[in-house]
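What follows is each chain in one-letter form.
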Amino acid sequence: MTKKAQIPTVSLVGLLALTIIFGWFRYGYGLLFSEFKEEFGLSTSLLGVISSLTFVTFLAGALIVVLFVVKFGARHVIMAGIMTASTGLLIASLTDNWVIFAAACLLAGFSPGLTWSSFSQCVNEHCPMNIQKRSLAIISTGSTVGLIIICLIYLFLDGNWRLIWGGGAVAGYLIYWWAYKTIPYKSETPSAKRIRFADLKPLLTSDKKPFYASAFLFGFTESTYWTYSADFVQKNFSMANSNAIFFLITGIGGLAGLLGGELISRWGMRFTFTLTIILYSLSMSVLFLSQGWLLVCFSGLTFGISFMLYAAYLPIWSSKVFPKFPAQGFGICIIVLNIGAILGPAVFGWILAYSAYSMIFLLLGIVGLLKVLSLPVVMEEF
């Protein structure tokens, strides 16, 4: 009975944690990009460097999970992730020094890597098999819920970024307190020995290649779209807060991630994955055809839908590919994803110097479609 009572709590805490970690910090950085530039007098390139460095700490957080989650358990890593996000947001919202601001962003940058795969481990340890897909999909959707909320607050506060990030920090500390009270400890006795490379060999075998290739291509394309789409919207439309309106539409579409587990249960992983890839590619490449406002809204809506479905599928797929190492396997997936996320904006930023935005989105759509070559390989449908 106690175990059943913990299941919805773990899912809800995970959803709220990712609301702050991804919605407030990761996506919020792009939403508030112009405000940061004006507040600290920084160049676009320097802010871009800070953003890239936060992906490096994201990688470090994911590596910590791979190496230490077995020894210390998912609970402690999750708590650390929520704390780094909340503290980073708080320091950034209070400082007038851009160096301290950058350091705060790097601190918060650890949080996605620490928490995303750790929640996968927590669900694997404490939730019955029949609801694990649904629980993982609910947790992953926290990022789009956060995006919706921060966009609405942005519109209400007219872009007052200090109040937005400061309020996010307070909310993060409250979530930390709830997580401290409710996230279960590791069910079995923790092992005192460290993870050795030999223990990770099952994560690096050739049959895992489709999973890692899919993660890399996802990171390569999604980070580029998030980096340049808001700037594209602001350059093409003069309406006030068009970037927030665009992100709000994208976030609303992302609520479809809640259906990820249900769609897989009904149609199977390979079929739903293929449909999601096609929609994902279309959402980006459609901007090559026209830059009218309705088509831009269509792009944002369909990108939100396919992006969050994809994000929900990855931990579900990971739990099947790595049944004995859910957090470590998904942690390596996140590392591979973030290598793509670091490279994507840089590569397309270089291309952008020689071509128009419309060509960038066409290329993104083509690259995104390549994921159909790395469909899930499983012994049976799930």
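Residues numbered from 1 in each chain as written. Predicted model: local features only at pLDDT ≥ 70, side-chain atom pairs only at ≥ 80, totals over all residues. Heavy atoms only, no water.

Focus: the packing of helix α5 (residues 98-126) against helix α6 (residues 132-140)
For the record, the criterion: What counts as an axis is a line fitted to C-alpha atoms, over the stretch in contact for a helix, and the angles between N-to-C directions run from 0 to 180 degrees. Secondary structure counts use DSSP, requiring at least four H or I residues in a row for a helix and at least two E residues in a row for a strand, with both numbered from the N terminus. Oblique is the label for every angle not falling under 35 degrees (roughly parallel), over 145 degrees (roughly antiparallel), or within 65 to 115 degrees (roughly perpendicular). Here a crossing is taken to be left-handed if its near helix is turned anticlockwise relative to the far helix by less than a right angle, and right-handed if that turn runs clockwise. For this analysis, residues touch if any pair of their heavy atoms sits within 4.5 Å.
Contact geometry of α5 with α6 gives a least axis separation of 10 Å together with a crossing angle of 155°. Taken together, the axis directions place α5 and α6 in an arrangement best described as roughly antiparallel. Crossing of α5 against α6: the hand is right-handed. The segment α5 lies against α6, with Trp116, Phe119, Ser120, Val123 and Asn124 engaging Gln132, Ser135, Leu136, Ile139 and Ser140.

Comments concerning helix α2 (residues 33-40)
Condition: Classification of residues uses two cut-offs on accessible area relative to the type maximum, computed with a 1.4 Å probe and protein chains only: under 20% is buried, over 50% is exposed, and between them is partly exposed. Each direction from the helix axis to a C-beta atom contributes to the arc, which is the arc of those directions.
Buried within α2 we find Glu35, Phe36 and Phe40. On an axial view of α2, the arc spanned by its buried residues comes to 105°, and they lie on one face. Gly41 sits one or two residues past α2 and shows a positive phi near 65°.

A word on the pattern of salt bridges
Basically, it comes down to this: By convention in these notes, a salt bridge is any Lys or Arg side-chain nitrogen within 4 Å of a carboxyl oxygen on Asp or Glu.
By the definition in use, this model includes 2 salt bridges. Of the charged contacts in the structure, one is a salt bridge between Glu39 and Arg162, with a shortest N-O distance of 2.8 Å. Of this pair, Glu39 sits in helix α2 while Arg162 sits in helix α8 (residues 161-182), and the two are 123 residues apart along the sequence. Assessed through its relative accessible area of 39%, Glu39 is described here as partly exposed. One continuous salt-bridge network, built from bridges that share partners, spans Glu39, Asp96 and Arg162.

Focus: the environment of Gly304
Within the fold, Gly304 resides in helix α14 (residues 293-321). When the C-alpha atoms of Gly304 and Leu248 are compared, they prove to be 9.5 Å apart, with 56 residues separating the residues in sequence. With sequence-adjacent residues up to four places away left out, Gly304 is seen in contact with Thr250, Gly253 and Gly254.

Re the packing of aromatic side chains
We count it as follows: The criterion for an aromatic pair is that two Phe, Tyr or Trp rings (for Trp, the six-membered ring) have centres within 6.5 Å, with stacked assigned to planes under 30 degrees apart, edge-to-face to planes over 60 apart and tilted to the rest. Note on geometry: a ring has a charge over it if NZ (lysine) or CZ (arginine) is within 6 Å of the ring centre and within 35 degrees of the ring normal.
For the coordinates displayed, the defined rule picks out 35 aromatic pairs. Lying over the aromatic face of Phe55, Arg26 brings its terminal NZ or CZ to 4.2 Å of the ring centre. Across the ring face of Tyr180, the terminal group of Arg75 is positioned such that the distance to the ring centre comes to 5.2 Å.

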